[in-house]
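Descriptive structure summary
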Amino acid sequence: MPSRVTRKTTKGVIHMKLIISKSNLLSGLQIASKAVSNKTTMSILECIMVDATKGIITLTGNDMDLGIETIIEGEIVEKGAIALDAKIFLEIVRKLPDSEITIETDSSYKTTITCEKAKFTIIGKSGEDFSYLPIVERDDSIVVSQFTLKEVVRQTIFAISDNDNNKLMTGELFEIKDDVLRVVALDGFRVSIRKIQLREAYSPKKVVVPGKTVNEVSKILPGNADSFVTISFTPKHIVFEFDNTTVVSRLIEGEYFKIDQMLSNDYETKVKVNKKELLSCIDRATLLVKEGDKKPIIINFLDESMELKINSILGSMNEDIDIEKQGKDLMIGFNPKFMIDALRVIDDEEVDLYMVNSKAPCFIKNEEESYIYMILPVNFINVQ
C-alpha cells in the first residue's frame, strides 16, 4: 500500500510549560538532532520540534529525507509546541547542571530554559512550517533484534560510497528472501555482505536505504540483544521503530546492482590465516603510507607462509605470517585500507581468503557465507 504523507501544523500555544530531567531531555535531543539538517536555506529545518499538545512530550527532527521522532518523560504543566534551533538548544541543555529543566514559551515564541540558577532565553518558531514525520502504512514489516541490526550495519557500512555521482552506491541494499535478511554495501572497489537469519519467513523485499539513515539508526540504537526493532517498508519509505523512537526515511530509487553476478565460488588459492595477526601486520604497514598515497600492500602467498611487503617514499616493510594454503602460490596487491576495514569487523579468530589470480577479486568469507567481503586487487608491477 502506498505511503500517505501528511503535514500537521501547530500554531504557537501561549505559555507552554514543561519540566523535564536533564538526562531525559539531553538523551531525546541527541536522538532527534540526528535528523536535523546542517546544510539548508530553510531555518525551520535547523529546528527540533518540541510538542506537548497531545499529553506526551515528543522531540522531532526532520530534514525532509530523514525524520526522527522520540518520546521523552517529563511533566506537562501546560500543553503547547515550539520549534527551537537544534544546535543552540542541544548545547544549552548539555551544559546545564544535572537537575530538572523547565521550558516555558509565550505568545511571541520567546522560550525560557531554566535549571537551578541558570536561565536562558531564546526565540523559537511557531512550527507552522515544520514538517512532522510522514504517516506511512505499517502493513509490511519485519522484526530484528537491536543488537543484530547494529552489528550488521557496523559490519557493512564502511563499504558504501561517499560520491553522490552514483546515488545507489551511497546506500545499503536491504533484501529479504523467506527468513533471511541480506544487507549489502559497495563502492566500486569492494563489496560487503552480511546475511542474518530472521525469526520467521517474510514476503520478498528489496530496497536501498540511504547510508546516512542506516548510520544514524545504528548510532541511536541501544543495541540490546533482548530488544527488537520493527522495520516497515513502503514503495518510497522505510520506518525503524524501537523503544520510544520512530525513524522514517526516504528510500533511494533505482535498480540495485546485480550482486549475485559479482560473487563466485571459484578459486585457485585458498588461505586460512589468523585474523588478528593479519590485521596487525597490515596496520603496521600503513605507518609508511602517507594519507592520500595509494601504495598497495603486496602479499606473496607461499606454501606455509604469506609475505607482506610495502614500499613507499618513507621506507619499506617486510613481514611473514604463518598460513594454511590450498592451491597455487600467488602474489597479489591490495589497498591496505580496504583489507583493514573488512578484517576489523570480522569477529572470527581465523579468516579464509579465496583468490583466482592477481587480477581477480579476493573473497573473505566464512563457510556459512553469513559474511562475504569482496576486494578488488590493485596493480603492483611498478611498485615492488
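Higher on the page you've got the structure.
Quick summary incoming for the structure in this document. Computed from a predicted structure; not experimentally measured.

**Brief notes about the packing of helix α6 (residues 275-285) against helix α7 (residues 336-344)**
The relative placement of two packed helices comes down to the angle between their axes together with the axis-to-axis distance. Remark: α6 packs on α7, axes separated minimally by 10 Å, with the N-to-C direction vectors making an angle of 150 degrees. Every pair of crossing elements has a handedness; the one defined by α6 and α7 is left-handed. Contacts from Lys-275, Leu-278, Leu-279, Ile-282 and Asp-283 in α6 reach Pro-336, Met-339, Ile-340, Leu-343 and Arg-344 in α7. Residue composition of the contact of α6 with α7, by class: seven nonpolar, no polar and three charged.

**Focus: the sheet that holds strand β24 (residues 371-375)**
Read across the open sheet, the seven strands follow the order β11-β12-β24-β23-β22-β16-β20; overall the sheet is antiparallel. Two strands in the sheet have a free side with no partner beyond their single neighbour: β11 (171-186) and β20 (324-327). Neighbouring strand axes in the sheet, compared pairwise and without regard to direction, differ in orientation by 20 degrees on average. Across four bridges, the pairing between strand β16 (residues 269-274) and β20 is antiparallel. Across the sheet, Thr-269 pairs through a bridge with Gly-327, a residue of β20. Against the sheet, α7 makes contact with β12 (190-210), β22 (350-355), β23 (362-365) and β24, and its axis sits at roughly 175 degrees relative to β24, the strand it touches most.

**Some thoughts on unusual backbone geometry**
Of note in this structure, Glu-116 is not a glycine but carries a positive phi near 50 degrees. Structurally, Glu-116 can be placed in the loop between β8 (110-115) and β9 (118-123). By relative accessible area, which is 55% here, Glu-116 ends up exposed. Backbone geometry places Glu-369, a non-glycine residue, at a positive phi of 60 degrees. As for its placement among the helices and strands, Glu-369 is situated in the loop between β23 and β24.

Criteria and cut-off values
- Residues numbered from 1 in each chain as written.
- Predicted model: local features only at pLDDT ≥ 70, side-chain atom pairs only at ≥ 80, totals over all residues.
- Heavy atoms only, no water.
- Axes fitted to C-alpha atoms, helices over the stretch in contact; angles between N-to-C directions.
- Helix = DSSP H or I, 4+ residues; strand = E, 2+ residues; numbered from the N terminus.
- Left-handed = near helix turned anticlockwise from the far one by under 90°.
- Contact = heavy atoms within 4.5 Å.
- Nonpolar A, V, L, I, M, F, W, Y, C, P; charged D, E, K, R; others polar.
- Pairing = 2+ DSSP bridges.
- Buried < 20%, exposed > 50% of the residue type's maximum accessible area, 1.4 Å probe, protein only.

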